[in-house]
Amino acid sequence: MLRQENCSLRPMSPTDLDQVLAWRNSPRIRAAMFSDHIITIEEHRAWFQKVQNSEGSKLLIFLLEDIAVGVVNITDIDFRHNHCFWGFYIGIEPAPSGTGLAMGYFALNYAFGELGIRKLCSEVIVSNTTSLRYHHRLGFYEEGQFREHVKKDGIYADVIRLACFRSDWEKVKRDIAQRCFGGE
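Residues numbered from 1 in each chain as written. Predicted model: local features only at pLDDT ≥ 70, side-chain atom pairs only at ≥ 80, totals over all residues. Heavy atoms only, no water.

### Comments concerning the overall build of the chain
On a plain count of helices and strands, the chain comes out with 6 helices and 7 strands. Listing the helices and strands of the chain from first to last along the sequence gives β-α-α-α-β-β-β-α-β-α-β-β-α. Residue pairs in contact within the chain that sit at least 24 positions apart in sequence constitute 63% of those at least 6 positions apart. On the chain, roughly 10000 Å² of surface is accessible, and the fraction owed to carbon and sulfur atoms is 51%. (Helix = DSSP H or I, 4+ residues; strand = E, 2+ residues; numbered from the N terminus. Contact = heavy atoms within 4.5 Å. Areas by Shrake-Rupley, 256 points an atom, 1.4 Å probe, with all protein chains shown as cover.)

Structural data, given as structure tokens:
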């Protein structure tokens, strides 16, 4: 079982770029992304520069025992309407059991706690049943479906829109912590 004190989030830095690009270009990660082409280092650096300078985005690295194991992107932060989007992935393989749930726990606590967000949104390709189940475990609800929204392998795929409100997260976060970290 993971220990909560051994998990953390920190801002992504330029020194993370090579590792994050290697993770992002892996077939396992690309298969779940809307944009699934091999990303060049130039594209990656331009993306990082753009997002790093944006008030509406946070790039975070999830650490397990001070080792980078995953990425959390919080984007389209809208403090007027108090909502944003998130994306994530575990880069290392295989990851210790419970790593994904722990990363979600830290990410949602960050979004709802540190950022003070009221509503966290996500979009998942309908065939990504693992991600859909993961979102449901974290307290997300399906808000709708965009038909034939993204092109994957030459075929247009539907996308499910999900959301979790701070009040939803408050109802499940103790249970998530118990599953991740036991009695801590």
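This is not the end of the story, as more comes after the structure.
### Things to note about the side chain of Ser-57
Along the chain, Ser-57 falls in the loop between helix H3 (41-52) and strand E2 (58-64). With relative accessibility at 13%, the residue Ser-57 sits in the buried group. When residues no more than four places from it in sequence are discounted, the contact partners of Ser-57 are Val-51, Ile-74, Thr-75, Asp-76 and Ile-77. (Buried < 20%, exposed > 50% of the residue type's maximum accessible area, 1.4 Å probe, protein only.)

### Regarding the environment of Ala-102
Here Ala-102 lies in helix H4 (residues 99-114). Along the sequence, Ala-102 and Gly-182 sit 80 residues apart, while their C-alpha atoms lie 12 Å from each other. Excluding residues within four positions of it along the chain, Ala-102 makes contact with Leu-2, Cys-7, Phe-62, Cys-180 and Phe-181.

### So, the sheet that holds E2
In spatial order, the strands read E1-E2-E3-E4-E5-E7-E6; together these 7 strands make up an open sheet with mixed pairing. One side of each edge strand has no neighbouring strand; the edge strands of this open sheet are strand E1 (7-11) and strand E6 (141-152). Neighbour to neighbour, the strand axes of the sheet diverge by 30 degrees on average, direction disregarded. Taken together, the 8 bridges between E6 and strand E7 (residues 155-165) define a ladder with antiparallel strand orientation. Bridged to Val-150 within E7 is Ala-157. Seen against the sheet, H4 touches E1, E2, strand E3 (67-78), strand E4 (83-90), strand E5 (119-125) and E7 and runs at an angle of roughly 155 degrees to E4. (Pairing = 2+ DSSP bridges. Axes fitted to C-alpha atoms, helices over the stretch in contact; angles between N-to-C directions.)

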